[in-house]
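Below are the chains, spelled out letter by letter.
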Amino acid sequence: MPAPATEAAGVAAPAVGPAAAPVPSAAIEMRAAVLREPGRPVAVERVLLAPPRRGEVLVRVAAAGVCHSDLHLADGQLGGGRWPMVLGHEGAGVVEAVGEDVVDVVPGDHVAFCFVPSCGACAACRGGRRTLCETAALHGVAGMLMDGTSRLRGSDGGVLQHGLMVACFAEYAVVPVAGAVALPASIPLWQAALLGCGVVTGIGAVNRAGVRVGDRVCVIGCGGVGLQVIAGARLAGAGTVVAVDTDVAKLELARRRGATHAVLAGSGADVVVSEVLAVTDGGVEHAFEVVGSPVTIRQAWDVLRPGGTATVVGLAPVGVEVSLPAIEFLAEKTITGSYYGSSDVHAALGRLVALVADGRLDLGDVVSDLIGLDEVEAALQRLRSGQGARSVVVIDEALAGVGA
Ligand SMILES: [Zn+2]
Ligand SMILES: [Zn+2]
């Protein structure tokens, strides 16, 4: 290998070649999909992104998934007052530059975004529940990075918030280093984009629930996350896996991912419950609710056999309440929640990536639409109407590996 030019000229070579890429000294002007306020279509604007500070990284975004949480934000069911905002929290790209004190990644690394960049120091982190990090929650709710400030400005100079501390419906993103998980370059980035939300959330929920070999499982809601729950249940060795959805196409995808039965919802909540009870010989050990509505949360409870556990993964808008027949607690039924896979996301992604490499977990099969940045609003509209599984915004086709 030829010596770097700097060495030949008698100047000490940098310790790590790519890490020496300079941090941009000025803000980058870029395209980003901005939510100005709920009810107004999300539209692409030219915005400014300031350089990464200490402990932060600048990532060139390759691709980003459109998730139900983006829809909740766009519709104002989440993030009260948290706009204007650059949306997007599930994505992948390549590290472009790193701020001071960053050692975990170097420029050129492929990374998936993680929207809970746990601080490692709060009570939740110290207690081993890193997805419940209190510092990340505090600043994430405010639409800021971990130091409580934003790197994003609109062309009018006004502050823009970082959607779930990622803001990856954009050409670049600055995130805390804990929000960028290094990946092997062998995974195409348009597929890796799904890892940091849908995949880790869905498969992590199965781990948290403790599904065992042979268990009967019901998954209510087979969108981008529900399909990952089904994949997780199959990997965990579940026996009967019943998929429930209002969309025939999603049920077909669910079958391909390992669901043994499909129940088409829409003809009444009671009908869904009785059909699930019929095909599972009286109920399931584990039900997963991946919609976030009181009706489906109640269904998840009602399809349990005695001793069963319902795990709510779906994100219900603030203010939604659920009622349950309390007498059934005597049947030792459990209802709980799972947020973002309930584990250490960096460790979880390492394990999932190994499964992808072994061919035991397909990432791309849930992608129903590959779209451009200008089409985010159309993708949100598909989510509103329950159509399609996952839309992936391809920001940079070559970087994303589309068609490779
Ligand atoms: Zn998400
Ligand atoms: Zn923490």
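Keep in mind the model is a prediction, meaning the values are calculated, not measured.

1. Quick look at the pairing of strand S15 (residues 304-312)
If a strand is regular, its side chains alternate between the two faces of the sheet. In this structure, strand S14 (residues 284-289) lies alongside S15, joined through five bridges in parallel fashion. For His286, the partnering residue across the bridge sits in S15 and is Thr309. Between the parallel pair S14 and S15, the chain is carried across by helix H10 (residues 294-302), and the sense of this crossover is right-handed. Across four bridges, the pairing between S15 and strand S16 (residues 334-337) is parallel. Bridging across to S16, Ala310 finds its partner in Ile335.

2. Regarding the sheet that holds strand S7 (residues 152-154)
The strand order around the closed barrel formed by five strands is S1-S2-S7-S8-S4, and the pairing between neighbours is mixed. Sheet analysis places strand S1 (residues 28-35) next to strand S4 (residues 85-86), joined by two bridges and oriented antiparallel. Bridge pairing in S4 links Val34 to Val86.

3. As for the environment of Asp302
Relative to the helices and strands, Asp302 is located in helix H10. On the basis of neighbour count, Asp302 is assigned to the buried category, with 21 C-beta atoms found within 10 Å. Separated by 23 residues in the primary sequence, Asp302 and Pro325 place their C-alpha atoms 9.5 Å from one another.

4. Considering the packing of helix H6 (residues 195-209) against helix H11 (residues 345-357)
Packed helix pairs are specified by the crossing angle of their axes together with the interaxial distance, meaning the distance between the axes. Across the interface, H6 lies against H11 with an axial gap of 10 Å and an inter-helix angle of 85 degrees. The pairing of H6 with H11 is recorded here as roughly perpendicular in orientation. On H11, the residues that touch Leu195, Val199, Val200, Ile203 and Gly204 of H6 are Val345, Ala348, Leu349 and Leu352. Residue classes in the contact of H6 with H11 are distributed as eight nonpolar, one polar and no charged.

5. A few points about the domain arrangement of the protein
Along its sequence, the protein is organised into domain 1 (16-194 + 363-400) and domain 2 (202-339). If you average the C-alpha positions of domain 1 and of domain 2, the two centres end up 29 Å apart. Each partner contributes residues to the interface: domain 1 has 15 residues there, and domain 2 has 11 residues. At three residues, the largest contribution of residues to the side of domain 1 that touches domain 2 is made by helix H2 (residues 68-74).

6. Some points on the packing of H6 against helix H7 (residues 226-235)
The interhelical angle for the contact between H6 and H7, taken along N-to-C directions, is 45 degrees, at an axis separation of 7 Å. Between H6 and H7, the interaxial angle falls into the category oblique. As H6 runs across H7, the sense of the crossing is right-handed. Here Gly198, Val199, Thr201, Gly202, Ile203, Ala205 and Val206 of H6 come into contact with H7, specifically with Gly226, Gln228, Val229, Ala231, Gly232 and Ala233. Split into classes, the residues belonging to the contact of H6 with H7 amount to seven nonpolar, six polar and no charged.

Definitions and limits used
All residue numbers here refer to positions counted from 1 along the written sequence of the relevant chain. Lettering for chains starts from A, numbering for ligands starts from 1, and both go in the order in which the items are written. The predicted nature of this model means local features are confined to residues of pLDDT at least 70 and side-chain atom pairs, given and counted, to a pLDDT of 80 or more, with totals for whole chains, interfaces and linings taken over all residues. One requirement defines pairing of two strands: DSSP has to find at least two bridges between them. The helix count covers DSSP runs of H or I at least four residues long, the strand count covers runs of E at least two residues long, and both are numbered beginning at the N terminus. Look down the strands so they point away from you; if the path from the first strand over the helix to the second goes clockwise, the crossover is right-handed. Every C-beta atom is placed from the backbone, and the number of other C-beta atoms within 10 Å of a residue's own sets its class: buried at 20 or more, exposed at 12 or fewer, partly exposed in between. Between the N-to-C directions of two axes lies an angle of 0 to 180 degrees, each axis being a line fitted to C-alpha atoms and, for a helix, fitted only over the stretch in contact. Throughout, the term roughly parallel applies to angles under 35 degrees, roughly antiparallel to angles over 145, roughly perpendicular to angles from 65 to 115, and oblique to all others. Our contact criterion uses C-beta atoms placed from the backbone: two residues qualify when those atoms are within 7 Å. Under the grouping applied here, Gly and all other residues not named as nonpolar or charged are polar, the nonpolar ones being Ala, Val, Leu, Ile, Met, Phe, Trp, Tyr, Cys and Pro and the charged ones Asp, Glu, Lys and Arg. In this document the domain limits rely on a domain assignment from an automatic tool or a database. Crossing handedness: left-handed means the near helix sits turned counterclockwise from the far one by under a right angle, and right-handed means the same turn made clockwise.

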